[in-house]
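Now for the letters of each chain:
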Amino acid sequence: MASEGSHDTNIIINNTLLTGVQNVSFEQNINEGPASLVGNTYASTIINGPTNTTARIDKLLVNEDSITGLRNTSTISGQFVYGENVLEFNSGVLNGFTVSATINQIPQIAFDFTIFGDMTGCDANRLSSATADNEIEEVPETGITVTFDKSAENAVQSFNYTENYNIVPNYQIGETTPKTINILGPIQQQANISIEVENYEIENKLSFITDTNKDRNRNISIEIRNGASNTFTLENAHLVSENVSAGVGNTVVANLSYRGYADF
């Protein structure tokens, strides 16, 4: 019989009960293709490879987040609990995440991971034994600090930071779960930073060609202080776009985009 009304939804990741979940989805695609007889006549369909599940979760970034610590691990496990329904999963690997923060707001993190193996029903949830997530706090006026080659007088208004990973599973013949899962470097990084213009000079892109002393590589450290601290470091960062615009109240804002690559 179908359930009526709404139910509480809970996500447990590596025994941590996530706080501030805004959205969650699971997508499963069947690797299936046609089989042909002699003469290219359609016969049936066959499974070409194992079925994997992609999970996508948007949540508020707590003051000491655990999700970003899941990089370079192939042991993500947990449960998706909806009312009395429980789905359990193992052998998950983080594909990447995006952190967004604006002053005087609660920062957010969106992440997705691939589950190599089955998502199975379970009779009992682990809500009572799971560890509580950390507290949620908004970012104060001075709660975002970016350390890079711009003047500290240019106050940071917002940023988003993204990491993506190259996941390579290795299967044995006839197996539906990988024998090993490799996470290959380098990490692909992207940062978009908005700063209030006080003492700012637009970069001359042509100087990277004409000035042999100009180094495009730079390391950028981004820190969010919302209770505790979450820090993200963009390595070997290259400026890829830049614009200046007037915002609300004639505030002039510079928007900078950087791309970088880092080792695990």
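Everything below is about the structure shown above.
Please read all numbers here as calculations on a predicted model, not as lab measurements.

Basis of the calculations
Residues numbered from 1 in each chain as written. Predicted model: local features only at pLDDT ≥ 70, side-chain atom pairs only at ≥ 80, totals over all residues. Heavy atoms only, no water. Helix = DSSP H or I, 4+ residues; strand = E, 2+ residues; numbered from the N terminus. Polar contact = N/O pair within 3.5 Å; in protein donor to acceptor, adjacent residues only side chain to side chain. Contact = heavy atoms within 4.5 Å. Pairing = 2+ DSSP bridges.

(A) Molecular detail of the side chain of Asn-226. Its place among the elements puts Asn-226 in strand E15 (residues 218–226). At 3.1 Å, the side chain of Asn-226 forms a polar contact with the backbone oxygen of Glu-137. Residue contacts for Asn-226: discarding those within four places in its chain leaves Leu-61, Val-62, Asn-63, Pro-107, Glu-137, Glu-138 and Val-139.

(B) Structural detail: the pairing of strand E14 (residues 180–196). Pairing analysis gives 13 bridges linking strand E13 (residues 156–170) to E14, with the strands arranged antiparallel. When the sheet's bridge partners are listed, Glu-163 is paired in E14 with Gln-189. One ladder, built from 10 bridges, connects E14 with strand E17 (residues 252–262); its direction is antiparallel. Paired with Ile-193 across the two strands is Leu-256, which belongs to E17.

(C) Spatial organisation of the environment of Ala-110. Position of Ala-110 relative to the elements: it lies in strand E9 (residues 108–115). A C-alpha to C-alpha distance of 9.7 Å links Ala-110 and Ile-67, two positions 43 residues apart in sequence. Leaving out residues up to four positions away in the same chain, Ala-110 has contacts with Ile-57, Asp-58, Gly-96, Phe-97 and Thr-98.

Geometric descriptors of this kind do not, in isolation, establish any biological role.
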